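# Commentary on secondary and tertiary structure
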Amino acid sequence: MLETVASFDRIGEENAFAVLARATELAAKGRDIINLGIGQPDFRTPGHIVEAAVQALRDGAHGYTPAVGILPLREAVAADLHARYGVTVSPTEVMIMPGGKPTMFMSILMFGEPGIDILYPDPGFPIYRSMIEFTGARPIPVPIREENGFAFSAEETLSLITPRTRLLILNSPANPTGGVTPKAEIDKLVAGLAKWPKVAVMSDEIYDHMLYDGEKHVCLLSYPEIRDRVILLNGWSKTYAMTGWRLGYAVWPGKLYDNARKLAVNLHSCVNAAAQFAGLAALTGPQDEAEAMVAEFDRRRKVVVDGLNRLPGVSCATPKGAFYAYPNITGTGWKAKPLAAALLDEAGVAVIGGPDFGVLGEGYIRLSYANSTENIVRALERMATFLAERK
Ligand code: PLP
């Protein structure tokens with residue numbers, strides 16, 4: 001038996017992919033499965049974006065691009081950030097990445113080692129903790145509490161920072177809760193970070209377009225006092241229904257840019273050239289389809305929250321962002337993971353148990369409402385029947 005280095009024993013996974021595999025397996029056996037598990041838009045990538053990729057291939061975009069991405073795309077990202085948030089970003093700070101995940105991977109690699117603490121949201125995207133453990137750093141969960149509207153608490157976050165802390169991971173709008181951290185709380189957090197100049201911040205803003213009820217996104221790059229230590233993670237996956245294209249971007253401060261460029265040269269050389277031209281069309285072309293997707297998510301959000309609150313023993317706070325509902329299921333008497341497993345196997349509804357997102361996830365399940373309203377309604381009916389029969 002070959003032995004690999006010990007860090008590979010510590011690497012984690014994203015259970016949403018395991019649930020997707022199980023749901024696909026059951027569907028292949030003829031079961032009618034409604035998938036509210038995986039977090040990806042159920043829409044197709046808008047046609048003009050697909051056409052731009054096809055055209056780029058026809059025009060000969062067949063070779064390597066610069067490791068940091070093609071300049072017009074980096075310029076378009078900088079222009080987009082300026083237009084939406086008024087922040088000034090140079091294209092030389094923007095790097096095109098093969099999705100959002102590689103930015104978290106690289107950021108954590110740059111700061112994580114034994115003896116170091118990295119703070120991350122709990123519940124939160126499971127890859128944060130997985131990567132922190134991989135590097136040998138100590139993962140320090142920042143509690144994201146229902147009673148706080150699933151927002152970061154500046155006070156609690158700051159209280160966890162010590163001289164060992166090198167990186168703080170933020171995520172708003174958030175997966176899995178749909179929580180949005182209010183500007184006043186981010187202001188307080190940024191003010192408190194003045195005491196900790198060695199702490200870098202990786203701000204995962206992949207859901208920044210998905211906001212409801214008039215919420216406004218706060219881009220962390222808009223704080224000049226910490227601008228030189230903010231890494232921005234964003235991309236096309238969620239906004240333009242492009243999860244399979246593997247296209248994202250990062251804004252890296254100072255020497256982190258060159259670190260990331262060298263990692264890219266060592267790892268993937270560059271992002272798929274045609275996908276980069278698609279990303280350019282997405283940012284510079286019409287936004288109506290992307291906006292229509294958000295409007296549709298908003299309609300479904302109301303259906304799912306309303307339906308969940310009618311289920312016995314379930315209460316669901318109204319999420320303000322992303323496309324997830326994160327109901328509290330403690331009143332059902334079920335533990336979250338057995339409930340998720342039974343809902344899939346017995347009721348044919350795929351959801352994710354809260355513990356897959358952290359230790360504070362017990363008592364919750366995550367439903368992605370990136371599925372048709374019809375399927376959401378059917379799933380809620382199945383859940384109602386299941387909970388009535390299996391008290
Ligand atoms: N960050 C968060 C919070 C996510 O939920 C996801 C995907 O689910 C990602 C990053 C990864 O995005 P990508 O598919 O572009 O790697």
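Residues numbered from 1 in each chain as written. Predicted model: local features only at pLDDT ≥ 70, side-chain atom pairs only at ≥ 80, totals over all residues.

## Comments concerning the site of the ligand
Definition in use: Using the backbone to place each C-beta atom, any residue with that atom within 6 Å of a molecule or strand is considered near it. Think of it as three bins: nonpolar holds Ala, Val, Leu, Ile, Met, Phe, Trp, Tyr, Cys and Pro, charged holds Asp, Glu, Lys and Arg, and polar takes everything else, Gly as well.
Near the ligand you find 13 residues, and of these Gly99, Gly100, Lys101, Asn175 and Ser237 are the closest. Taken together, the residues of the shell around the ligand sort by class into 2 nonpolar, 9 polar and 2 charged.

## Examining the environment of valine 180
Applicable threshold: Secondary structure is summarised from DSSP: a helix means a run of H or I of at least four residues, a strand means a run of E of at least two, and numbering begins at the N terminus for each. Buried residues are those with 20 or more other C-beta atoms within 10 Å of their own C-beta, exposed residues have 12 or fewer, and partly exposed residues lie in between; C-beta atoms are placed from the backbone. Residue pairs are scored as contacts if the distance between their C-beta atoms, which are placed from the backbone, is within 7 Å.
With respect to the element layout, valine 180 can be found in the loop between strand E5 (165-171) and helix H8 (183-193). You can call valine 180 buried: it has 26 C-beta atoms within 10 Å. Between the C-alpha atom of valine 180 and that of alanine 151, which follows or precedes it by 29 residues, the distance is 5.6 Å. Setting aside anything within four residues of it in sequence, one finds valine 180 in contact with Ala151, Ser172, Pro173, Leu211, Glu215, Lys320 and Gly321.

## Describing the pairing of strand E7 (residues 230-235)
Judged by how many residues are buried, E7 sits mostly within the fold: 6 of 6 residues are covered. Residue alternation in E7 divides its side chains into two sets, Val230, Leu232 and Asn234 and Ile231, Leu233 and Gly235, and both sets are buried.

## Observations regarding the sheet that holds strand E12 (residues 365-368)
Condition: Each pair of strands is called paired provided DSSP finds at least two bridges between the two strands.
Reading across from one edge, E9-E12-E11 is the order of the 3 strands in this open sheet, with antiparallel pairing throughout. Each edge of the open sheet carries a strand with a single partner, namely strand E9 (324-325) and strand E11 (352-353). As defined by bridge partners, E9 adjoins E12 across 2 bridges and the pair is classed as antiparallel. For tyrosine 324, the partnering residue across the bridge sits in E12 and is serine 368.

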